[in-house]
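The lines below spell out each chain.
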Amino acid sequence: RQSIEMVQLKATDKEISLKFQEDVLDQFQDITNDDNRIQQVLINLLSNAIKFTKPGGTIALSVFKKEKNDNIVVQVEDNGIGIKEEDQGRLFTEYGRIVDDETILLNPQGVGLGLWICKRFCQEIGDGISISSKYNQGTTLTFSIKDYKANNTPQSTQESEDQSPVSEIRLKKRFPSIRPTHT
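To keep things clear, this report deals only with the structure shown in the data block. (Residues numbered from 1 in each chain as written. Predicted model: local features only at pLDDT ≥ 70, side-chain atom pairs only at ≥ 80, totals over all residues. Heavy atoms only, no water.)

Given a rise of 1.5 Å per residue, 17 residues ought to cover 24 Å, and the 24 Å separating the end C-alpha atoms of helix 3 (residues 35-51) matches this to within 8%. Most of helix 3 sits out of view: 13 of its 17 residues are buried. (Helix = DSSP H or I, 4+ residues; strand = E, 2+ residues; numbered from the N terminus. Expected span 1.5 Å × (residues − 1). Buried < 20%, exposed > 50% of the residue type's maximum accessible area, 1.4 Å probe, protein only.)

In structure tokens:
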């Protein structure tokens, strides 16, 4: 919820509807993973969706459980300007900014690091990030979150030294909070 609250004002100012798929959030119990990175990824993806969605547009945040491995799958979908197929591969590279008139107009300060950082974080917290987009129709970005409790995959000592601390987050109806709890 914190991630959404942080971008809600921008969406409201731009007259963009930010929607949650509440019914799927009810099924989740506590999961264990790196809540700071999850929040950073969500804020970046939602902020990008707002930047590249025109006034009156819609952004939907969906969360569901992947049956095979108990991972949580998160999707941010917008009906914004979309991305040309030939530009999609560049988005997740360092300084992979798309340089065209519309993109520069909508995001003049962007340097092309946000999605590159998201990709790195998503590889650490889950199975990476993917994109589906059609130019002038919109974009869907999807990433997964490994649930260390559900997957019984405790981190080794070496991993915990190399990464920021893994803390517990709660994904409940409408993201009532994204806060660490200490055990």
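Looking along a regular strand, one sees side chains alternate from face to face of the sheet. For strand 4 (residues 72-78), a buried count of five out of seven residues is recorded, marking the element as mostly surrounded by other parts of the structure. As judged from the seven bridges shared by strand 3 (residues 58-65) and strand 4, these two strands associate in the antiparallel manner. Considered in strand 4, the bridge of K65 is made with I72. Hairpin connection of strand 3 to strand 4: six residues between the antiparallel strands, including D70 at a positive phi of 60°. Bridge count between strand 4 and strand 6 (residues 138-145): seven bridges; the pairing is antiparallel. Looking across to strand 6, one finds that E77 is bridged to T140. (Pairing = 2+ DSSP bridges.)

Here we take up helix 6 (residues 114-125). Here helix 6 spans 16 Å end to end across 12 residues, near enough to the 16 Å set by a 1.5 Å rise per residue. By the burial criterion, the buried members of helix 6 are L115, C118, F121, C122 and I125. Projected down its long axis, helix 6 shows its buried positions confined to an angular sector of 120°, all on one face. (Arc of directions from axis to C-beta.)

Moving on, we come to the packing of helix 3 against helix 6. For the pair helix 3 and helix 6, interaxial distance at closest approach is 10 Å and the crossing angle is 145°. For the pair helix 3 and helix 6, the crossing hand works out as left-handed. Between helix 3 and helix 6, the contacting residues are R37, I38, Q40, V41, N44, L45 and N48 on the first element and G114, L115, C118, F121, C122, E124 and I125 on the second. Partitioning the contact of helix 3 with helix 6 into residue classes produces eight nonpolar, four polar and two charged. (Axes fitted to C-alpha atoms, helices over the stretch in contact; angles between N-to-C directions. Left-handed = near helix turned anticlockwise from the far one by under 90°. Contact = heavy atoms within 4.5 Å. Nonpolar A, V, L, I, M, F, W, Y, C, P; charged D, E, K, R; others polar.)

Turning next to the sheet that holds strand 4. An order of 1-3-4-6-5 is seen for the five strands of this open sheet, with the pairing classed as mixed. Every other strand in the sheet has two partners, leaving strand 1 (17-20) and strand 5 (129-134) as the edge strands with one partner each. Going from strand to strand, the sheet's axes swing by 15° on average, the running direction of each strand aside. In this sheet, strand 3 lies alongside strand 1 in parallel orientation, the contact comprising four bridges. Opposite F20, over in strand 3, you have L61 as the bridge partner.

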